[in-house]
Amino acid sequence: MKPVVNIKPGSEGSKAKYWIEEHYKYVATTTHDPQDLPLVIERGEGVWLYDVDGNKYLDFTSGIGVCNIGYPTHPEVKKAVIEQLEKIAHAAGTDFYNPYQVMLAKKLSTIAPGDFPKKVFFSNSGTEANEAAIKIVRQATGRKFIIAFYGGFHGRTMGSLALTASKNVQKKGVFPWMPGVVHVPYPNPYRNPWHINGYEQPEELVNRVLEFIEEYVLDKILPPDEVAAVISEPIQGEGGYVVPPKMFFAELKKLLDKYGILFIDDEVQMGMGRTGRMFAIEHFNVAPDIISLAKALSGGVVPIGATIFRAELDFKQSGIHSNTFGGHALASIAALKTIEVIEGLLPHVQKLEKIFAEELMPLKEKYEKVGDVRGIGLAWGVEIVVDKKSKKPDPQTRNKIIKTALESGLVLLPCGKSSIRLIPPLVISEEEAKTGLEIFAKAVKEAVSA
Ligand SMILES: Cc1ncc(COP(=O)(O)O)c(C=O)c1O
């Protein structure tokens with residue numbers, strides 16, 4: 001199967017143009033960029049998206065990391081959801097009891113790393129999963145401060161926004177957000193304050209980050225016995241699909257344990273099989289105290305967020321934290337089935353990692369403007385720079401690649417300052433993967449040679 005783009009997306013006279021204009025009249029401004037992504041989606045099938053003009057695109061975005069099991073959703077999830085709809089969708093899961101959320105909580109507690117009892121708080125989104133994490137660590141430890149990483153993205157509500165540090169526009173004009181957060185450098189092997197090549201010297205990079213946390217933050221700004229937690233994405237998503245050195249989280253956890261500081265692992269974007277493991281942190285040989293999940297957890301059918309945590313950290317009293325939709329029956333059933341489907345897809349994702357590596361890595365050798373290529377499983381980032389020596393981000397060329405790809409039938413999303421993420425649904429076939437990677441390579445060639 002090949003993409004078909006007969007009508008240029010968003011062009012004069014297209015249905016897409018009409019809907020985009022109507023959109024701007026009635027829908028609040030969020031993150032759309034009509035210059036680069038004039039895609040008006042009508043429906044999806046497997047890894048393919050169809051726009052309102054009948055164009056057919058190969059999707060390398062998974063609906064921003066949500067539709068990991070394909071469009072409109074996996075047939076098994078669809079079946080389970082329809083069956084559940086015949087029974088009940090919303091069962092007021094925070095005031096009454098239902099078996100569905102219990103089954104999901106039990107499953108998540110079992111599959112999450114860490115050989116200790118766990119519990120789960122349910123919500124509706126990634127930002128809420130992190131809000132719950134903030135409350136859990138504060139009330140459980142009695143400590144107030146949280147350390148987060150530069151480049152990290154954890155959501156946009158006032159608590160999680162305080163943790164977020166991927167772009168300053170996310171904080172523009174909305175101060176004050178939650179106080180008590182200090183940011184530290186992430187061990188980005190390609191781009192870090194010490195100009196260390198973290199691919200060649202991973203230990204050196206990790207040591208610098210840990211030293212920074214211990215000597216410059218815990219020793220000079222935040223008394224360690226007042227720090228509740230460190231939060232991190234296992235691989236930074238919005239920040240650019242940045243993969244830290246293998247030993248980082250185990251070393252970080254050792255440092256945190258020394259001071260009784262908890263570790264929150266934000267798996268909202270990288271969890272649910274994206275990296276070839278159910279949780280991306282499983283690549284790093286460490287068990288987080290708290291894990292936040294959302295996005296792909298319920299197969300894109302119905303919003304859900306989940307905060308998995310050590311049982312002993314549970315809220316001390318009924319009413320400290322709750323919501324209306326938590327423990328939603330339909331969302332719980334969709335998530336249970338999605339997990340089952342993803343469990344079956346993990347070997348496939350691990351296999352496809354090779355194809356992505358083989359097709360993407362050479363771009364770095366071939367083109368001066370491809371500064372870095374990194375990834376695990378089906379989570380890949382390609383960073384576009386002015387030239388290799390200066391490493392200066394080149395968002396214009398990055399945007400050109402995304403636009404050219406879209407017009408050739410491949411949907412991509414940016415991340416970081418000048419990176420592109422390649423995150424197809426996990427159900428993508430080898431042939432579809434190769435088709436998409438070929439279009440991508442052509443779009444890169446065209447944009448960097450222009
Ligand atoms: C790692 C991470 N955490 C949290 C969030 C926030 O999730 P939501 O947009 O569902 O609130 C995102 C969203 O992109 C994310 O990537």
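Just so it is clear, the structure is predicted and the values come from calculations on it, not from any experiment.

**Considering unusual backbone geometry**
With the exception of glycine, the majority of residues adopt a negative phi angle, and the majority of peptide bonds are in the trans configuration.
Now for step 1: Across the junction of Tyr 71 and Pro 72, the peptide omega takes the value -15°, indicating a cis bond.
Now for step 2: On the secondary structure map, Pro 72 appears in the loop between helix H2 (62–65) and helix H3 (75–87).
Now for step 3: The linkage connecting Phe 175 with the following residue, Pro 176, adopts the cis geometry, with an omega of 10°.
Now for step 4: By the element assignment, Pro 176 lies in the loop between helix H6 (158–163) and strand E6 (181–184).
Now for step 5: In this structure, Met 272 is a non-glycine residue whose phi angle is positive, near 60°.
Now for step 6: Among the structural elements, Met 272 can be located in the loop between strand E8 (262–266) and strand E9 (290–293).
Now for step 7: Unusually for a residue other than glycine, Asn 285 sits at a positive phi of about 55°.
Now for step 8: Structurally, Asn 285 can be placed in the loop between E8 and E9.
Now for step 9: Asn 285 sits in the exposed class, given a relative accessible area of 70%.

**Some thoughts on the sheet that holds strand E1 (residues 41–45)**
Now for step 1: Taken together, the four strands give an open sheet; going across it, the order is E1-E2-E3-E13, and neighbouring strands pair in mixed fashion. Lying at the two open borders of the sheet, with one neighbouring strand each, are E1 and strand E13 (410–411).
Now for step 2: Across three bridges, the pairing between strand E2 (residues 48–51) and strand E3 (residues 56–59) is antiparallel. Looking at E3, one finds that Tyr 50 is bridged to Lys 56.

**Concerning the environment of Ile 355**
Now for step 1: Counting through the fold element by element, Ile 355 comes out in helix H9 (residues 329–366).
Now for step 2: According to the relative accessible area criterion, Ile 355 is buried, its value standing at 9%.
Now for step 3: Placed 22 residues apart in sequence, Ile 355 and Gly 377 show a C-alpha to C-alpha distance of 9.8 Å.
Now for step 4: With residues near it in sequence (within four places) discarded, Ile 355 still touches Glu 430, Lys 434 and Leu 437.

**Quick notes on the packing of aromatic side chains**
Now for step 1: As enumerated under the stated definition, the model contains 11 aromatic pairs in all.
Now for step 2: Aromatic pair Tyr 186 and Phe 248: ring centres 6.5 Å apart, planes at 70°, arrangement edge-to-face. Linking Tyr 186 in the loop between E6 and helix H7 (202–218) with Phe 248 in helix H8 (residues 248–259), this pair joins segments that are 62 residues apart in sequence. The same class applies to Tyr 186 as to Phe 248, namely buried.
Now for step 3: Between the aromatic rings of Phe 249 and Phe 263, the centroid separation amounts to 5.7 Å while the plane-to-plane angle is 25°, which identifies the pairing as stacked.

What counts, and at which threshold
Residues numbered from 1 in each chain as written. Predicted model: local features only at pLDDT ≥ 70, side-chain atom pairs only at ≥ 80, totals over all residues. Heavy atoms only, no water. Helix = DSSP H or I, 4+ residues; strand = E, 2+ residues; numbered from the N terminus. Buried < 20%, exposed > 50% of the residue type's maximum accessible area, 1.4 Å probe, protein only. Pairing = 2+ DSSP bridges. Contact = heavy atoms within 4.5 Å. Phe/Tyr/Trp six-rings, centres within 6.5 Å; stacked < 30°, edge-to-face > 60°.

Scope: geometric values only; no functional claims are made or implied.
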